[in-house]
Amino acid sequence: MLELKDYQKRNLEALAGYLKTACEFGAKKAFVLQTGRPYTEIAGLGDMPYVCLRVPTGGGKTFMAAHALGACARAYLQAERAVCLWLVPSNAIREQTLAALKNRRHPYRQALESHFAGQAQVMDVSEALYVQRGVLDGETVVVVCTLAALRVEDTEGRKVYESAGALHHHFTGLPDALLKGLERDVEGEPFYSLANVLRLRRPVVIMDEARNARTPLSFDTLIRFQPSCVIEFTATPMTEDRPRQGYFASNVLCQTSARELKEAEMIKLPIHLSARPDWKEVVADALQQQRALEEEAAAERAETGEYIRPLVLFQAQPDRKDRPALTVEALRQSLQEDFRIPAAQIAVATGDTRGLENVNLYDPACPIRYILTVQALKEGWDCAFAYILCSVAEQRSARSVEQVLGRVLRMPGAARKKREALNCAYAFAASASFAETAGSLKDALVESGFEKIEARDLVAPRTDADMLFAPDELNLFSQASGTVMQPPDLSRLPASMRALAAFDEATHTLTVSGPVGGREVAALQECFSEEADRQIVERLCRRLQGCPAAASAPRKAPMRVPLLAVRENGVLELFEESFFLSALWKLSECNPSLSESEFSSRAVSGQAGEIDIAESGHFEARFSQEVQAQLALIGWEPGWTLPALVNWLDRSIPHPDIAQAQSSLFIHRALTGLMEGRGFTLEVLARHKYRLRNALEAKIAAHRSRHRQEAYQQILLETDLAVEPTCSLAFDEERYAPNWYYQGYYRFEKHCFPYVGELKDRGEEFDCACYMDRLPRVSRWVRNLERRPQSSFWLQTATDRFYPDFVAELNDGRYLVVEYKGEDRWSNDDSREKRAIGQLWADRSGGQCLFIMPRGSDLAAIQDRIG
């Protein structure tokens, strides 16, 4: 089964954590607690969780959504199965999603089934109109449709709300409390409709790309189904900095950056851009690039066995009656007649011509290399072999580019290739203005879900200077030209140097005339604001000096920080939890009793079925509790025995470190104690099995934590711990992948990388970062990212990994680690444990490493520790 990437795991764990907190505190408070941001409530949906996971194009949103349904069922519904309304933006994507989720060999279906023991059915609305009650009772059911198809104005939508004889059996034998909440006809009788069937089941709503689904009309439609929660997956949520009139803002729970996708090897970056006024020259460049990539792909296959056939997506102009246009047909004729491309290698995909239908582009026998379209690829089409976008169309908006650009970003096999050329995407555009084209491309990346700060660096000019460094082509003291991203301010050059450079605004070409020395190079670079352009200036000047591009000044070596390691038989191994988790312990010897505070009798004292709904149709008690109670009413399973309940609880509580013989005995004693010591009946315990599961899971976790603490302290006392350069972490810019970026006004001078990750532009941690940046003895520092064990610095504690806030290299070669703690948290158990392991790391380094946890605003302690 396809494994989740690290960033996908982080997002899904954040979702599960939020839903658990929402059960305790409600949707609004849980969101504020987890994100620190305000929560947008939707009128009519009460305190129902409605959150968004922001994932850029190419990040695997649908795969994550399939896993998210399992998290919703377990963490929020407290149920073994769920009914899901899976809403998509178009019929094309509906067909694609249905096909994938119905295919038991597809990763989406496998992800779905992994959370429900293989018991899942997927259907469209037409199939759901005949769904049997037994199917909903015994399996997880996913209904895939568009939001438009659920509106009354739609023909299919009307059927959803109409009574149907095939659904009558869903409403027999139900308690009055459940029937109260159903939609009724003018005579007061409930409709035997699919809408009411779904209302009974409180569906989880998954919204795939909800760009246009946040209007009042859309929410009015959702309210009719009384969903239990709504989870939105999109690249471009509605937020305060991305407003849209008449739309509600999304509650963005977590997001993913382009750097995270690149580090996870999901997408091809950067995008190399070339623009020329003559469209035939642009086509020729694209064809040449395809041939070069195909040669690289052949070499890649010879080395790794992976087959790739690079594709070119040609975006033509629409047919216009009022003026000539470079249409798909004209482009195809040119490819065949002017460039001798065989007809078998060309496919047309437009609204009228579907040349890709039933074609497997991944088949090595498929001859297609060139796909001609206008906008038909914007939805429902995906092929990771697409490497090159060649547009001869007019790019009037970022949206028009974004609709096709996303098709060349996905990395084949979601794995980095050995040939660097196969890790990038390529864009060629017929345009007289490089700047406008580059701007459209960057805007399109923002429309695809990337941050503006990232988009600036994700588009790189494809320059002649990158390809003309063969010794026999060097032309000393002559001229060198290359395309730059931004226009230079050549007025900043001294008068004596003005003849050195010329800039063509139409093509964005910079021409440098020799001879040039270091002073001239520096003066030219000062005319540019973008670092990428400054590097191009350096390459052009080195060419004039007779130096190849590779001879440019090397980047500063990565900062290597020693880690805490264990010395065994003269070999250093990273100190991690495996060293103390191997210690044996017996859960069956631990106290199994659950106190009133751990499992309250008051929460189960009411009679089953005492659930009420206000006349408005909204629950008056806590939303999550009432949803769980309603689902318990409709899905009650009588006939539980004590061994069966013990077995169910044992299967429902993850415990890979505990043998089943130990866990089942512990659970049996816990249940026996509840019945004999506190007067619970087996029926009551079975009815509240999910709350019981949560209580037992917390009890086992507490025993586990105590065992880990004891084993951890024993290891620290008995193990030879060392801190030496041979076991270290390298902070590398290529692997520095923040989830979000600092975008404040203060300009950090000493941060290792151009961008600072996951730092707010105000607050105490920001003040700490500014203080370090101004310290004279600090050579460079980095904002350490949490939960990045392969690319961030961490120290093992008894419970988890501790990621300090900042890591710095001092001028004298020592290393400084800083963990900021507010005055109110400095003395708690967690902070004491972090100070202890941090100081141990410093002590074992022989004076090479320093650790400090300043107490609140006492930032001067950092300077004092450095000495």
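Residues numbered from 1 in each chain as written. Predicted model: local features only at pLDDT ≥ 70, side-chain atom pairs only at ≥ 80, totals over all residues. Heavy atoms only, no water.

## With respect to the pairing of strand β24 (residues 806-810)
- Buried residues dominate β24, accounting for 5 of its 5 residues.
- Because side chains alternate across β24, one face comprises the buried residues F806, A808 and L810, and the other comprises V807 and E809, equally buried.
- Connecting β24 to the next strand, strand β25 (residues 815-818), in antiparallel fashion are 4 residues, including G813 with a positive phi near 95°. (Buried < 20%, exposed > 50% of the residue type's maximum accessible area, 1.4 Å probe, protein only. Helix = DSSP H or I, 4+ residues; strand = E, 2+ residues; numbered from the N terminus. Pairing = 2+ DSSP bridges.)

## Quick look at the state of the cysteines
- Under the counting rule described, the total for this entry stands at 0 disulfides.
- C52 takes part in no disulfide bond, and the closest cysteine sulfur to it belongs to C254, at a distance of 8.4 Å.
- Note on C52: relative accessible area 0%, which makes it buried.
- Here C383 stays unpaired: no disulfide links it, and the sulfur of C366, its closest cysteine neighbor, is 8.7 Å away.
- Residue class for C383 comes out buried when judged on its relative accessible area of 1%. (Disulfide = S-S within 2.5 Å.)

## Some points on the packing of aromatic side chains
- What the rule picks out here adds up to 25 aromatic pairs.
- Here the aromatic rings of F575 and F579 are separated by 6.2 Å at their centres, their planes lie at 35°, and the arrangement is tilted. F579 shares its class with F575; the two are buried.
- With centroids separated by 4.8 Å and ring planes inclined at 70°, the aromatic side chains of Y746 and F748 adopt a geometry described as edge-to-face.
- A relative accessible area of 27% places Y746 in the partly exposed class.
- Judged by relative accessible area, F748 falls into the buried class, the value being 13%.
- Ring pairing ties together the aromatic residues Y742, Y746, F748, F766, W781 and F806, which thus form one cluster. (Phe/Tyr/Trp six-rings, centres within 6.5 Å; stacked < 30°, edge-to-face > 60°.)

## Notes on the sheet that holds strand β26 (residues 849-852)
- Strand order in this open sheet of 4 strands is β21-β24-β25-β26, and the pairing throughout is mixed. Because the sheet does not close on itself, it has two edges, and the strands there are β21 (778-783) and β26. Strand after strand, the sheet turns through a mean of 20° between neighbouring axes, direction not considered.
- Bridging between β21 and β24 involves 5 bridges; their strand directions are antiparallel. Counted as the bridge partner of W781 is A808 from β24.
- Along the sheet, helix α27 (residues 829-843) makes contact with β25 and β26, crossing β26 at roughly 165°. (Axes fitted to C-alpha atoms, helices over the stretch in contact; angles between N-to-C directions. Contact = heavy atoms within 4.5 Å.)

## Focus: the environment of A499
- Topologically, A499 is positioned in the loop between β15 (479-483) and β16 (501-504).
- For A499, a relative accessible area of 73% gives the class exposed.
- A sequence separation of 14 residues divides A499 from S513, and the C-alpha atoms of the two residues are 7.7 Å apart.

## Some words on helix α26 (residues 764-774)
- Residues of α26 that are buried: F766, C768, A769, C770, M772 and D773.
- Elements that come into contact with the buried residues of α26 comprise β21, β24, β25 and α28 (860-866).

## Digging into the environment of E451
- You can see E451 is positioned in the loop between α16 (434-447) and α17 (452-458).
- The buried category is assigned to E451, whose relative accessible area is 15%.
- As a C-alpha pair, E451 and P56 span 395 residues in sequence and 9.3 Å in three-dimensional space.
- Setting aside its immediate chain neighbours within four residues, E451 contacts R54, Q255 and Q743.

## A closer look at the side chain of R201
- Looking at where R201 falls in the secondary structure, it is placed in helix α10 (residues 194-201).
- On the basis of relative accessible area, R201 is assigned to the buried category, the value being 8%.
- The contacts of R201, once residues within four sequence positions are left out, are V83, R133, L136, D137, L631 and I634.

## Details of the pattern of salt bridges
- Inspection of the entire model under this criterion finds 42 salt bridges.
- As a salt-bridge pair, R109 and E113 come within 2.8 Å of each other at their nearest N and O atoms. Highlighted residues: R109 and E113, both in helix α5 (residues 107-114), separated by 4 residues, approximately one helical turn. E113 shares its class with R109; the two are buried.
- Across the pair D805 and R783 runs a salt bridge whose closest N-O atoms are separated by 3.6 Å. Residue D805 is located in the loop between β23 (801-802) and β24, and its partner R783 is located in strand β21; the two are separated by 22 residues in the primary sequence. As far as burial versus exposure is concerned, D805 and R783 are alike and both buried. (Salt bridge = Lys/Arg side-chain N within 4 Å of Asp/Glu carboxyl O.)

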